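Chain residues, written in single-letter form:
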Amino acid sequence: MRSRPVFSLSSATMLTLLLGVLISALLFTSLRRLEHDKVDIDFQQQAKVRVAAVQNGLDSSLSVLRDVNRLFVAFDTVSHEQFRSFATPLLVRNPYIQALNFHRIVSAQGRPQYELAMRAQYPDFTIMDISHGKPVPAPVGERDHYRVVEYIEPVQGNEAAFGVDADSYPFQTVAMQRAVDTGEPSATGLLPLTQEREMQKGIIVLMPVYRKGAPLTDVAARRQALIGDTAAVFRSSDLIAKSLAAEGFLLVSKVDLDMNISVYASEKSDQGSLVFYKGSSAEPTVQPLSVFPTWLFYNQPEPYRHTFNVAGQTWHMLVSTPPAWFTMGGSNALWAFLVGLLFTAGAAIYLQTVLDRSRRIQLLVNERTAQLRIANEDLSADIAARKRAEYALQLRERAIEASANSIIIISAVAPHYAIEYVNPAFERITGYSAEEAIGVNLCFLWGKDVDQPGIEEIRATASAEREGHAVLRNYRKDGTLFWSDLYIAPVKDDTGTVSHFIVVQYDITATKRYESELEFQTNRDALTGLANRSLMRDRLGQAVSYAHRYGHPIWILFVDLDRFKFVNDTLGHQAGDILLKAVSTRLQAAVRDTDTVARMGGDEFVLILPERTDAGLSTGIVQRIMESIAQPLTIEGHEFFISGSIGVAVYPADGETPEELIKHADIAMYRAKETGRNNFQFYTPAMNERALERLHIEGDLRNALEREEFTLHYQPQVDLRSGKIVGVEALIRWQHPELGMVPPIRFIGLAEETGLIVPIGAWVIRTACLQNKAWQESGLGYLRMSVNLSARQFAQQDLVDSIAASLCEAELAPEYLEIELTESLVMADVDRAIGILRELKALGVQLSIDDFGTGYSSLSYLKRFPIDVLKIDRSFVNDITIDPDDAAIVASIISLAHSLRLDVIAEGVETEEQLTYLREHNCDQIQGYFFSRPVTAEAFSVMLKDGKRLQLETTTL
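Residues numbered from 1 in each chain as written. Predicted model: local features only at pLDDT ≥ 70, side-chain atom pairs only at ≥ 80, totals over all residues. Heavy atoms only, no water.

A few points about the overall build of the protein
Reasoning step 1: Regarding its fold elements, the protein presents 28 helices and 35 strands.
Reasoning step 2: Taken over the C-alpha trace, the protein has a radius of gyration of 57 Å; the compact-globule value for 957 residues is 30 Å, which it surpasses by more than 25%.
Reasoning step 3: By its C-alpha atoms, the protein is 140 × 140 × 55 Å across when sized along the principal axes.
Reasoning step 4: The buried share of the protein, taken over its 957 residues, is 42%.
Reasoning step 5: Sequence separation of at least 24 residues holds for 63% of the intrachain contacts in the protein that already meet a minimum separation of 6.
Reasoning step 6: Total accessible area on the protein stands at roughly 51,500 Å², and carbon and sulfur atoms take up 55% of it.
Reasoning step 7: Treating the 92 positive side-chain charges of the protein as one cloud and the 121 negative ones as another, the clouds have centres 9 Å apart. (Helix = DSSP H or I, 4+ residues; strand = E, 2+ residues; numbered from the N terminus. Rg over C-alpha atoms; globule rule 2.2 N^0.38 Å. Buried < 20%, exposed > 50% of the residue type's maximum accessible area, 1.4 Å probe, protein only. Contact = heavy atoms within 4.5 Å. Areas by Shrake-Rupley, 256 points an atom, 1.4 Å probe, with all protein chains shown as cover. Lys, Arg positive; Asp, Glu negative; His and termini not counted. Charge placed at Lys NZ, Arg CZ, Asp CG, Glu CD.)

This is the structure we're talking about:
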C-alpha cells in the first residue's frame, strides 16, 4: 500500500552540496594559478642560468682562437714547433676543439717559391685542392691566391688537411671574407665532422692575421695587410655539453625541473641545424580540455628562447620542460579542495538528517488522507466508465451514420443473407432508400451484370464465414454505373458464432475514371489523340503475330509532311499544332477503323494497314491517303497546301519484326523525299544500302575535320580583257581513307542537315585565307579568293566575327576575300540578309551572288544588296550557243549587272564558242573547264609561276 524511496536527497541538501563543491573548486583554481605561476617563474630563472652558461662557454671557446691569433700578432715569424707548443695545452684544456690551424695566403706568383721553400722540410709538399672528397694538386693559373693550411694541431688524424687550399671549401671562403670585412672572428655554418665516430657536427671559426705594424683603418687596408688567418674547428655538441656540465646543469637534480635543452645553429628550429639536445626523445604535450585550461591540472611553463651571436652566425637556444601532473611534488590546492569537499559533505549530511525526520511525519499524515481519496476516486471512476461506454456506443453509431462510405450489415443466415441495416451514405451513393434495401440480398446492386470475378469471391467469403474483398461494377437506382471497392467481414456474438456480416463499400468511380484517362494518356499522343509510339508498337506486334498465323501481308506507311517547318517558322507553333490535328483527322478518315494511325513525333506518322477482307492492299490506298493530306487548309486566314512523302514497307517481304518494318518504311520515306517529295516509295534493299552508306559517311564526316581529311582545290577566274588570272574559287574535297576522293555533292547536303557545315565552312574560310596570304608572300600576285557560304553559316550569330578572326589570323587584307552567297539564300529573309551583307561589307570583304538567275530575285531588292559581283549559273551558260532563250537571259544578266555597276562572272565555261559569246557581250570574267579544272594548291602555284593566261583572239565587233 505504501511505497517511498529508502533514501532521497532534498533540494536544500543538493543546493548545499552544489555550493560547497563550487566554493572548493574556486579555491582549488586560485591556488593552482599561484602554483603554476611559481613553477613558471622558477623555470624561467633556471632557463636563463643555462643560457648564460652556454653563452659563457661560447665566449670562452672564441677566446682560445683569439689567444692563438695573438701568437701570430706578437711574433713576426712563428715556427711549427712554436705553434705546436702553444696549441697543445689549449687543446688539452678544451677537448671540444678538434683542431687549430694557421692558413697562410700565398699569391699565384709566389706559389713556386713557397712550394720550393716548404719542400726543404716536406719533400713532397704541393698546394692541394679537395675534389669529390679527395686531395688533388691545386690547378695553376686559375686563382690569384691560395689560403694554404701551413700549421694544424693535432697533426694526427688531420694529415690530409696539411697543404690544402682552404678556399677550395666555399663555406670557408664566405666566412673568411666576413672576418676580413669585420676584423672579428667569423664562423662557418654547421658542418659534419667526418673524423668523429658519431658524425658529430661542428663549426670552423676563422680570425685574420695581419702583417705586423700595418695600418688597419678600413677594409681595403685590412685586405692589403692580410697574411693569413688562424682557425679553430669546434665540436659543437661537445662545446655546449662542456659549458653546461661546468655549471652542473647536466646532472639530474630532484630540486630542478626536468628540462629539455636544444641549441640550434640558425634562427629556425629545424633538425638540420640542431647542435645539442638534452632531454626526453619526444616532448609529450597535453591536449587542452574542451572546458578547463591546461594549467589547471598540468605544470608546463612556456618554453624559453634566447638568440645569440656566434662569430657572425645567429644561434638560438630553446629551453622547455615536459608537462607534469600537478600532484607531482605536492600540491596545496589539492589539499584545500579535499578539505572543502569533506566540510561540504558533513554539512549536507546534517541538513539531510533534519529534513528526513520532518518528511516522515508529513508522509504519515498524507498516507491516511490518500486512503480516503482513493476510495472516493474508485467510486467516481466506476461512474465515469459507464458514461464512457454509453458515449462510445453513441459515437460508433454517429460515426457509421456520418461515414462517407456505404456501411451495410447483413444477416449471416443463408441463403438469403438479407440486409438489416444501411447507413445514409449507402442511400446517397446508390439512390435506394433504407426501406427499399432492408430485407433484400445485396446482389440487387449488380443487376444483370453478374459476369464479374468479384461476385464469386464475395459468395465464397460468405460461405466460409471469413473476411473478403472484391472490386465490383454496381448500378444505381437510375441505372448509372458506379465502381465499388467492397470489403466484407464476419461479426460474432457472445458465443463466438457468426451472426452477421458487415460490408463497407468505397465508391472508386473517380479512381477508375482516372485510371482510364491515365491509360489513354499513356498510349495516346497528347496533341492529336492518335496512338503513340508505345501503342503503335504493341498493335504492330499483334498484327504481325496475326499475319504470321494466317499468312496475310501488312503494309506499314511512314508519312512525313513536306514543308511543315515553314508553317512553324512563319505562323508559329500554335499554327503548326492546328495543322497536325487536321492532318491526323484526315489520316483517320482515309483508313478503316481497324487500321492504326500513330504519331511518331513532330510531323511524322505511321499507318498500319493489315490485309482487307473486302479488297486487297493496293497503291490506290496510298494515293488516297496522299490526296487527303494535300487538301487545302486555312490557318489564321492563310491557305496552305500541304503534301506528304510516304515510305511503304510490306510484311513479311521487308521485315519480320516491328522494328525492321518501321526502320525500312522510314528509309523508303527518305527516298521519297530525295526524289522530289509529295510521292511514295516502296522499300527496296538498295535503299537500305544507301541509308547505311549515308550513315557511314555521316559518322566519318563527324571526325573528318579532326583527322584533317579535308583539302581545298582551287579553280581560277580569268579576266576576259587581259586573259590574266584575277581570282580563284576555293572548292572543298574530302580525302576519305576508304572511299578515296569524295566529291562535295555526296557530303555537303549531309553536313547541312547535321549542322557540321558550320565548323567545316569556318575551316574552309580560314584555310583559303592562309593559302592566299602564302601566295602573296611568295610573290605570286594578289588574287581575289572566293569562298561559298552555306545557309547554316549565314544564320550564325557570330558570322562576321568568325570571318574577321580568319582574316586576322592569316593577316590577309579583307579586299582579297570574296564571300559567295546563293540567290535563294539571301531572298529567304531579305531584311535580315541586307543587315548581314552590310556588316560583311563594312568588314571590307567582296560579296557576290552565286547561281544568279535560278531564283526569284527582284530588282528592287537587288539594288539594295551591297554586292560587287553577279555569277551567271552554269545552267544558262551550257546552252547559250544553241538555245536563244538562254543566250538572251545571259545577255540580259550582263547588261543588268553593268547597269548596277557590278562585275559579271560566268561559271561552267567549257567550249570556245561559249567563251566567244561571252566576250562579244562584254562579260567580265569566266570560270570553267575551258581554262582549268579545280586543282590542288601546289598545281595552282605552278600555274601562277608559269604565268598561265587565257589566249584571247582579237574579235571584230
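Thoughts on empty space enclosed by the protein
Where empty space is left in the structure can be found by rolling a water-sized probe over the atoms.
Reasoning step 1: Applying the stated criterion across every chain, the model contains one cavity of 30 Å³ or more.
Reasoning step 2: By volume, the largest cavity is sized at about 30 Å³.
Reasoning step 3: Taken together, Leu 58, Ser 61, Leu 62, Ile 203, Val 205, Phe 234, Leu 239, Val 310 and Trp 315 make up the lining of the largest cavity.
Reasoning step 4: At the level of secondary structure, the elements contributing two or more residues to the lining of the largest cavity comprise helix 1 (11–74) and strand 7 (201–210).
Reasoning step 5: Here the lining of the largest cavity gets three residues from one element, more than from any other, and that element is helix 1.
Reasoning step 6: Per-class residue counts for the lining of the largest cavity are eight nonpolar, one polar and no charged. (1 Å grid on protein atoms, 1.4 Å probe; cavity = no way out; pocket = protein on both sides within 12 Å on 5 of 7 lines; lining within 4 Å. Points joined across faces, edges and corners; volume = space filled by probe spheres on them. Nonpolar A, V, L, I, M, F, W, Y, C, P; charged D, E, K, R; others polar.)

A closer look at the layout of surface pockets
Reasoning step 1: For the largest pocket, the calculated volume is near 940 Å³.
Reasoning step 2: Lining the largest pocket are 37 residues, and of these Glu 729, Leu 731, Pro 744, Ile 748 and Asn 788 sit closest to its centre.
Reasoning step 3: Of the residues forming the lining of the largest pocket, the biggest block, five residues, is contributed by strand 28 (residues 725–736).
Reasoning step 4: Residue classes in the lining of the largest pocket are distributed as 18 nonpolar, nine polar and 10 charged.

Focus: the sheet that holds strand 10 (residues 274–278)
Reasoning step 1: Taken in spatial order, the four strands line up as 10-9-13-12 in an open sheet, and their pairing is antiparallel. Pairing within the sheet leaves two strands with one partner each, and these edge strands are strand 10 and strand 12 (304–310). Averaged over all neighbouring strand pairs, the angle between strand axes comes to 15°, with direction disregarded. (Pairing = 2+ DSSP bridges. Axes fitted to C-alpha atoms, helices over the stretch in contact; angles between N-to-C directions.)

Overview of the pairing of strand 12
The two faces of a sheet get side chains in turn, since along a regular strand they alternate between them.
Reasoning step 1: Summarising the sheet, strand 12 and strand 13 (residues 313–320) pair through seven bridges and their orientation is antiparallel. Paired with Tyr 304 across the two strands is Val 319, which belongs to strand 13.
Reasoning step 2: Counted along the chain from strand 12 to the antiparallel partner strand 13, the turn is two residues long, and its residue Ala 311 has a positive phi close to 55°.

Comments concerning the sheet that holds strand 17 (residues 468–475)
Reasoning step 1: An order of 16-15-19-18-17 is seen for the five strands of this open sheet, with the pairing classed as antiparallel. The open sheet has two edge strands with one neighbour each: strand 16 (419–422) and strand 17. The sheet shows a mean angle of 25° between the axes of neighbouring strands, taken without regard to direction.
Reasoning step 2: Sheet topology note: the strand 17/strand 18 (residues 481–492) ladder contains eight bridges and is antiparallel. The partner of Asn 474 across the bridge, within strand 18, is Phe 482.
Reasoning step 3: This element, helix 10 (residues 453–464), spans strand 17, strand 18 and strand 19 (498–507) of the sheet and lies at about 130° to strand 17.

Digging into the pattern of salt bridges
A side chain of one charge can pair with a side chain of the opposite charge when the charged atoms of the two come close.
Reasoning step 1: In total, this model carries 30 salt bridges according to the counting rule given.
Reasoning step 2: In this structure, Arg 143 and Asp 129 form a salt bridge, with 2.2 Å as the shortest nitrogen-oxygen distance. Of the two residues, Arg 143 is situated in the loop between strand 3 (134–137) and strand 4 (145–153) and Asp 129 in strand 2 (residues 128–131); the sequence distance between them amounts to 14 residues.
Reasoning step 3: Given the relative accessible area of 26%, Arg 143 is considered partly exposed.
Reasoning step 4: Asp 129 gets classed as buried once you look at its relative accessible area, which sits at 7%.
Reasoning step 5: Measuring nitrogen to oxygen at the nearest pair gives 3.5 Å for the salt bridge that ties Arg 459 to Glu 456. Taken together, the residues span about one helical turn, with Arg 459 and Glu 456 both in helix 10 at a distance of three residues.
Reasoning step 6: Each member of the salt-bridge network shares a partner with another, and the members are Glu 729, Glu 820, Lys 871 and Glu 907. (Salt bridge = Lys/Arg side-chain N within 4 Å of Asp/Glu carboxyl O.)

Some details on the side chain of Glu 729
Reasoning step 1: In this fold, Glu 729 is placed in strand 28.
Reasoning step 2: Among the polar contacts made by the side chain of Glu 729, one reaches the side chain of Asn 788 at a distance of 2.8 Å.
Reasoning step 3: At a separation of 3.2 Å, a polar atom in the side chain of Glu 729 contacts the side chain of Lys 871.
Reasoning step 4: If sequence neighbours within four positions are ignored, Glu 729 has contacts with His 713, Tyr 714, Gln 715, Gln 717, Ser 786, Asn 788, Glu 820, Lys 871 and Gln 927. (Polar contact = N/O pair within 3.5 Å; in protein donor to acceptor, adjacent residues only side chain to side chain.)

Some points on the side chain of His 103
Reasoning step 1: Within the fold, His 103 resides in strand 1 (residues 97–107).
Reasoning step 2: A distance of 3.0 Å separates the side chain of His 103 from the side chain of Arg 147, its partner in a polar contact.
Reasoning step 3: With residues up to four places along the chain from it excluded, the contact list for His 103 reads Arg 147, Val 148, Val 149, Ala 166, Gln 172, Leu 206, Ile 227, Gly 228, Asp 229 and Ala 231.

Considering the nonpolar core
The nonpolar side chains of a soluble globular protein tend to be buried with one another.
Reasoning step 1: Within the largest apolar cluster, 81 residues are counted, with the highest numbers of intra-cluster contacts made by Tyr 714, Trp 775, Phe 794, Leu 817, Leu 821, Leu 918 and Phe 940.
Reasoning step 2: Sort the elements by how many residues they give to this core and helix 19 (residues 757–777) lands first, with seven residues.
Reasoning step 3: Other than its neighbours up to four places away in sequence, Leu 821 contacts Leu 789, Phe 794, Val 826, Leu 837, Leu 847, Ser 848, Ile 849 and Asp 850.
Reasoning step 4: Counting 47 residues, the second largest nonpolar core, distinct from the first, contains Phe 72, Phe 234, Phe 308 and Ala 311. (Core = buried A, V, L, I, M, F, W, Y, C linked by side-chain atoms within 4.5 Å.)

Side note on the packing of aromatic side chains
Reasoning step 1: Under the defined criterion, the tally for this structure stands at 21 aromatic pairs.
Reasoning step 2: When the centroid spacing of 4.9 Å and the interplanar angle of 65° are considered together, the rings of Tyr 122 and Phe 162 count as edge-to-face. You can see Tyr 122 sitting in the loop between helix 3 (111–119) and strand 2 and its partner Phe 162 sitting in the loop between strand 4 and helix 4 (170–182), a full 40 residues away along the chain.
Reasoning step 3: Relative accessible area serves as the criterion here: at 26%, Tyr 122 is assigned to the partly exposed category.
Reasoning step 4: Judged by its relative accessible area of 24%, Phe 162 falls in the partly exposed class.
Reasoning step 5: Between the NZ or CZ atom of Lys 948 and the centre of the ring of Phe 931, over which it lies, the distance is 4.9 Å. (Phe/Tyr/Trp six-rings, centres within 6.5 Å; stacked < 30°, edge-to-face > 60°. Lys NZ or Arg CZ within 6 Å of the ring centre and 35° of its normal.)

A short note on a nonpolar patch on the surface
Reasoning step 1: Together, Leu 15, Leu 18, Leu 19, Leu 22, Ile 23 and Leu 26 line one region of the surface with nonpolar side chains, adding up to about 610 Å² of accessible area.
Reasoning step 2: Mapped onto the fold, Ile 23 is located in helix 1. (Patch = residues over 30% accessible without salt bridge, like charges linked within 9 Å, V, L, I, M, F, W, Y side chains within 5 Å.)

Some thoughts on helix 27 (residues 912–920)
Reasoning step 1: Buried within helix 27 are the following residues: Gln 914, Leu 915, Tyr 917 and Leu 918. For helix 27, the angular spread of buried residues about the axis comes to 165°, placing them on one side.
Reasoning step 2: Among the structural elements, helix 25 (874–877), helix 26 (884–899), strand 34 (903–907) and strand 35 (925–927) are those in contact with the buried residues of helix 27.
Reasoning step 3: Just downstream of helix 27, Asn 922 is the residue with a positive phi angle, here 65°. (Arc of directions from axis to C-beta.)

As for the packing of helix 1 against helix 2 (residues 80–93)
Reasoning step 1: Direction vectors running N to C along helix 1 and helix 2 enclose 165°, while the axes themselves pass 11 Å from each other. Between helix 1 and helix 2, the angle falls in the class roughly antiparallel. The chirality of how helix 1 crosses helix 2 is right-handed. The segment helix 1 lies against helix 2, with Val 64, Asp 67, Val 68, Leu 71 and Phe 72 engaging Gln 82, Phe 83, Phe 86 and Leu 90.
Reasoning step 2: The residue inventory of the contact of helix 1 with helix 2, partitioned by class, reads seven nonpolar, one polar and one charged. (Parallel < 35°, antiparallel > 145°, perpendicular 65-115°, else oblique. Left-handed = near helix turned anticlockwise from the far one by under 90°.)

A look at the pairing of strand 15 (residues 406–411)
Reasoning step 1: The element strand 15 is extensively covered by neighbouring structure, given that five of its six residues are classed as buried.
Reasoning step 2: Pairing geometry for strand 15 and strand 19, over six bridges, is antiparallel. Considered in strand 19, the bridge of Ser 406 is made with Gln 505.
Reasoning step 3: Both strand 15 and strand 16 contribute to a ladder of three bridges, which runs antiparallel. Bridge pairing in strand 16 links Ile 408 to Val 422.

As for the state of the cysteines
Reasoning step 1: In this structure the tally under the stated criterion is zero disulfides.
Reasoning step 2: With no disulfide of its own, Cys 808 lies 11 Å from the sulfur of Cys 769, the closest cysteine sulfur. (Disulfide = S-S within 2.5 Å.)

Considering the packing of helix 14 (residues 573–590) against helix 15 (residues 619–629)
Reasoning step 1: Helix 15 packs onto helix 14 with a crossing angle of 150° between their chain directions and a minimal axis gap of 9 Å. With respect to helix 15, the element helix 14 is oriented roughly antiparallel. By crossing handedness, the relation of helix 14 to helix 15 is classed as right-handed. Between helix 14, through Arg 586, Leu 587 and Ala 590, and helix 15, the contact on the second element is made entirely by Arg 624, Ile 625, Ser 628 and Ile 629.
Reasoning step 2: Considered class by class, the residues forming the contact of helix 14 with helix 15 number four nonpolar, one polar and two charged.

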